[in-house]
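Topology and contacts: notes
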Amino acid sequence: MESHEDKEKLEKEMREKVLANMKGLEAQGEFFSFTLKNFAYRYFESETSGPADVVSPKEKVVAVTAVEPHLATALKTPNKKTRQGLIELAKSFSKKDAPAPRYTLSVEIKSQNREGGGEFAILSEVHWDFPHYSDDSKSNSISKVIEYEDALDLRNNFAKHLEEVCEIF
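Since this is a predicted model, take the numbers as computed values, not measurements. Counting from 1, residues in each chain are numbered in the order their sequence is written. Selection of residues for local features in this predicted model requires a pLDDT of at least 70, selection of side-chain atom pairs for listing and counting requires 80 or more, and totals for whole chains, interfaces and linings are taken over all residues. To get the side-chain values, all heavy atoms of the structure are used, and hydrogens and water are removed first.

This brings us to unusual backbone geometry. With an omega of 0°, the peptide bond between F130 and P131 qualifies as cis. Segments assigned H or I by DSSP are reported as helices when at least four residues long, segments assigned E as strands when at least two residues long, and all are numbered from the N terminus. Inspection of the secondary structure puts P131 in the loop between β4 (118-127) and β5 (139-148). At K60, a residue that is not glycine, the phi angle is positive and equals roughly 70°. Relative to the assigned elements, K60 resides in the loop between β1 (53-55) and β2 (61-67). Despite not being glycine, Y133 has its phi angle at roughly 55°, a positive value. With respect to the element layout, Y133 can be found in the loop between β4 and β5.

Paired strands, in this sense, are two strands between which DSSP finds at least two bridges. Pairing is antiparallel across the open sheet formed by five strands, whose spatial order is β1-β2-β3-β4-β5. Only two strands of the sheet have a single neighbouring strand rather than two, namely β1 and β5. Taken over all neighbouring pairs, the strand axes of this sheet differ in orientation by 15° on average, direction set aside. Pairing between strand β3 (residues 102-112) and β4: 10 bridges, direction antiparallel. In the strand pairing of β4, R102 is matched with H127. To get an axis, fit a line to the C-alpha atoms, keeping to the stretch in contact for a helix; angles then go from 0 to 180 degrees between the N-to-C directions.

Looking now at the environment of P78. Structurally, P78 is set in the loop between α3 (71-74) and α4 (80-92). For every residue, the accessible area (1.4 Å probe, protein chains only) is compared with the maximum for its type, and the residue is labelled buried under 20%, exposed over 50%, or partly exposed between those bounds. Under the relative-accessibility criterion, P78 is labelled exposed at 68%. Placed 89 residues apart in sequence, P78 and E167 show a C-alpha to C-alpha distance of 8.5 Å. The contact definition used throughout considers only heavy atoms, calling two residues in contact when any of these lie within 4.5 Å. Discounting chain neighbours no more than four positions away, the residues touching P78 are R83 and F169.

Structure below.
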């Protein structure tokens, strides 16, 4: 009987600790930065691209981005739309121009509640409009708006949603 009570007490303490540590924009920003870097490493960083850069293109947005200078590495993607775009990129430039796709994975904090949850927009993108990356018709992207009740819900379920949008890499 005591072990059940001890377990409940420990779970309550852990929950309170997570909720306390993940409150505020700075704490959420650190969590997102760490998680996005891990996903970049897993999905699109390579020996030739090097580590992804963490950027904040605008307030309440955290993103990781990398450019893949070795097109043969980029063409290993299982995503058909992305592969077609990369083939188009390869045909549009000579090898000496070193055409390179840009990868981005980001999260925008749309709203935040006192418990560390809120509404967030996640985005993954492969852009092959080299070198300017401005023509969105030359990209493959997925975005999704997600909501979390509190920081514990965010911490426990954020990666699952990132997995879904990473299918374009």
